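Examination of the molecular architecture
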Amino acid sequence: MTTLTATRTATRTRRDRFADWAVIGLVVIALLIGWAIKSGAEGATQALTSDVGSFNAPIGWRSDQSAGLAAMDTRTASGVPTTFRITTEAFDGDPSLNALSTRRTIQLAQDLDGFSMLGTQPDSIFGNSATTLNYAYVVVPEAGMAGSARIPVVVEATDTLIKRGGQLVIVHFSSEASSFAALADLRAKLIASVKLP
C-alpha cells in the first residue's frame, strides 16, 4: 500500500509541474502577443500631405491645413496639444540663415507670451543647411479643452529653419515643457518622415 501511494504522489507531482510550466508558457506568449499589438497600434501612422510638404503623423492626431500642414495630439492633461507643423514664408533677396533666424526670433518674441530663447544650433535637414531654434513660452489653455483648468502652461518648442527654393521652410514641434524631453524620439521620427516638394 505504501508503494502505490508513493507512485501516485510522484505521478501527480510530474503532472502538476507540467501544468505549471504550461500555464507560465501560455502567459508569456499572451504577454508577447499583447505587447506586439500595443507596439503596432502605438507605432501606426497616417500620411498627411499638402502643398507645403508631407509627413507621417501618429494615428489619432488631428490634422489641420489652415496654416501650412499641422498635426496635433489634443489628448494632453493640460489641454495644450503636442503639435508638429510645416509652414513656409517668402523672403526677399538671399538672406543668410543667421538673418532668417534672427527675424524668426523677433517675430516669436512679439507673438508669444513669456517667450524665452533657450538656444540655437546649426543643423542639416534633408541635405540642406538649417538652423534649429529652441524656445519656451507660456499659454493659457482655452476654456472647454480636455483637461483645461485655465492654468498657464509652459510650452517648449523647436523651429527648424530651412532655406529652400526662395522660401523659408519652418518645421515646428511643440509640447508641454514637462513632457518635451520624453518626446525627443517622436520629434525625430516626425522630422525624418517630412518630404518637401
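Quick caveat, the model's predicted, so the values are computed rather than measured.

Basis of the calculations
Residues numbered from 1 in each chain as written. Predicted model: local features only at pLDDT ≥ 70, side-chain atom pairs only at ≥ 80, totals over all residues. Heavy atoms only, no water. Helix = DSSP H or I, 4+ residues; strand = E, 2+ residues; numbered from the N terminus. Buried < 20%, exposed > 50% of the residue type's maximum accessible area, 1.4 Å probe, protein only. Contact = heavy atoms within 4.5 Å. Pairing = 2+ DSSP bridges. Polar contact = N/O pair within 3.5 Å; in protein donor to acceptor, adjacent residues only side chain to side chain. Salt bridge = Lys/Arg side-chain N within 4 Å of Asp/Glu carboxyl O.

Tracing the chain through its elements places Gln46 in strand E1 (residues 45-50). Since its relative accessible area comes to 23%, Gln46 is described here as partly exposed. Considered as a pair, Gln46 and Ala57 are eleven residues apart in the sequence and their alpha carbons are 5.4 Å apart. Not counting residues up to four positions away in its chain, the partners in contact with Gln46 are Phe55, Asn56, Ala57, Pro58, Ile59, Gly60 and Trp61.

Turning our attention to the pairing of strand E4 (residues 69-73). A large share of E4 lies buried, amounting to five of its five residues. Neither face of E4 is exposed, since Leu69, Ala71 and Asp73 on one face and Ala70 and Met72 on the opposite face are all buried. Pairing analysis gives three bridges linking strand E3 (residues 62-64) to E4, with the strands arranged antiparallel. The partner of Arg62 across the bridge, within E4, is Met72.

Our focus in this paragraph is the side chain of His172. Structurally, His172 is set in strand E9 (residues 167-176). For His172, a relative accessible area of 5% corresponds to the buried category. Within the structure, His172 has its side chain in polar contact with the side chain of Asp159 (distance 2.6 Å). In this view, His172 contacts Thr83, Phe84, Arg85, Tyr135, Ala157, Thr158 and Asp159; residues no more than four positions away in its chain are not counted.

Another point: the pattern of salt bridges. A full pass over the atoms with the stated rule returns five salt bridges. Between Arg103 and Glu89 there is a salt bridge, with the nearest N and O atoms lying 3.3 Å from each other. In this pair, Arg103 is assigned in helix H2 (residues 97-111) and Glu89 in strand E5 (residues 82-90), connecting sequence segments 14 residues apart. Asp159 serves as the salt-bridge partner of Arg104, at 2.8 Å between the closest nitrogen and oxygen. With Arg104 in helix H2 and Asp159 in strand E8 (residues 153-164), the pair connects residues that are 55 residues apart, well separated along the chain. Grouping residues by exposure puts Arg104 and Asp159 together as buried. Within the structure, one salt-bridge network assembled from shared partners comprises Glu89, Arg103, Arg104 and Asp159.

Coordinates in, geometry out; function isn't part of it.
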